[in-house]
Amino acid sequence: MISRRQFKRDCLIFIDKSNELSDEWEVVTGLQSQNKDDDIYIVKKTTSLVVGSHGKIPTHPVQTEIEPSSSIEQGLGESDDEVMHMAEVIGVDNEACSIDGSNPKPVVFEYHIVYSIAYSVPVLYFNAHSMSGKLLKLEDIWGLVPEHLKPSQSSEWWSFITQSEHPVLHRPFFQIHPCHTADIMANVTCTTHNYLVTWLSLLGPVVGLSISHLYADLCQPPRPTRPTTTTTE
């Protein structure tokens, strides 16, 4: 578990690294607390071609970064043109709102990382929808989760990824339920200096969100600064 202050610290450090890597994460000021300066969350939006016949995302999906927005109903931005062009070339159905077949379909994924006051951990909220704005169903989301990352018992699936109201936007989002976070992080044997990066690298791939290995630098202890020496004559 981490405090809200540590979450904010980790987020701001993460955003600095994202800007350095041109990774398109954005920080948003939240509305949960009276002290809005301490209440932030971070957002990323990507568009990918996915294949759902076997519940897999292609090994090398077409993926572009687009500006995050407060509502998925807003325009998706010019960078979607690349994905749309690829979709037209291979004959993709852009209106489909379910992933059920061998044909790749463009899907927009919107990820929000928000601090949970109740659980004292970060929570990954996300939505996925077609280019026309039609949301994917929970069954479709589970169809995209790699088999080796699914809970061993199918009865546990529906408590691991659930649908809930976004704590800031007050709209339905999927979430990786935070009740599992403390147990997962307790199995991390190494000491991390950025809880957010370690947590995201473990849980993000479950829902198609991977981060660059270059973020691993943030988990290392800061290098000690050498004392300056002065010479006297």
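Quick summary incoming for the structure in this document. Keep in mind it's a predicted model, so treat the numbers as computed, not measured. (Residues numbered from 1 in each chain as written. Predicted model: local features only at pLDDT ≥ 70, side-chain atom pairs only at ≥ 80, totals over all residues. Heavy atoms only, no water.)

**Structural notes on the pattern of salt bridges**
Part 1: Evaluated as defined, the whole model comprises 4 salt bridges.
Part 2: E20 is the partner of K17 in a salt bridge, and the nearest nitrogen-oxygen pair spans 3.4 Å. With K17 and E20 both in helix α1 (residues 4-21), this residue pair falls 3 residues apart, about one helical turn.
Part 3: A residue is classified by how much of its surface remains accessible, and E20, at 57% relative accessible area, is exposed. (Salt bridge = Lys/Arg side-chain N within 4 Å of Asp/Glu carboxyl O. Helix = DSSP H or I, 4+ residues; strand = E, 2+ residues; numbered from the N terminus. Buried < 20%, exposed > 50% of the residue type's maximum accessible area, 1.4 Å probe, protein only.)

**Observations concerning the environment of H166**
Part 1: For H166, the location among the structural elements is in the loop between β6 (161-165) and β7 (172-176).
Part 2: Once the C-alpha coordinates of H166 and V114 are considered, the two residues, 52 residues apart in sequence, prove to be 8.9 Å apart.
Part 3: Beyond its immediate stretch of four places on either side in the chain, H166 contacts Y41, H112, V114, Y125, R171 and F173.
Part 4: Only 3.0 Å separates the side chain of H166 from the side chain of H112, close enough to count as a polar contact.
Part 5: A polar contact is formed between the side chain of H166 and the backbone nitrogen of V168, at a distance of 3.0 Å. (Contact = heavy atoms within 4.5 Å. Polar contact = N/O pair within 3.5 Å; in protein donor to acceptor, adjacent residues only side chain to side chain.)

**With respect to helix α6 (residues 195-203)**
Part 1: With 7 of its 9 residues buried, α6 lies for the most part within the structure.
Part 2: Among the residues of α6, Y195, L196, V197, T198, W199, L200 and L203 are the ones counted as buried.

**Describing the nonpolar core**
When a protein is soluble and globular, its nonpolar side chains tend to lie buried together.
Part 1: Residues W25, I113, I161, I176 and W199 are the most contacted members of the largest nonpolar core, which totals 42 residues.
Part 2: Looking at which element gives the most residues to this core, the answer is α6, with 6 residues.
Part 3: For W199, the contacting residues outside a window of four places in its chain are I113, P122, V123, L124, T181 and M185. (Core = buried A, V, L, I, M, F, W, Y, C linked by side-chain atoms within 4.5 Å.)

**Description of the packing of aromatic side chains**
Part 1: Summed over all chains, the structure comprises 6 aromatic pairs.
Part 2: Ring centres of F14 and W25 lie 5.4 Å apart, and the angle between their planes is 80°; this geometry places the pair in the edge-to-face category. Of the two residues, F14 is situated in helix α1 and W25 in the loop between α1 and β1 (26-29); the sequence distance between them amounts to 11 residues. The exposure classification of F14 matches that of W25, with both residues buried.
Part 3: Each ring, one from W142 and one from F160, has its centre 6.5 Å from the other, and the planes form 45°; the classification is tilted. (Phe/Tyr/Trp six-rings, centres within 6.5 Å; stacked < 30°, edge-to-face > 60°.)

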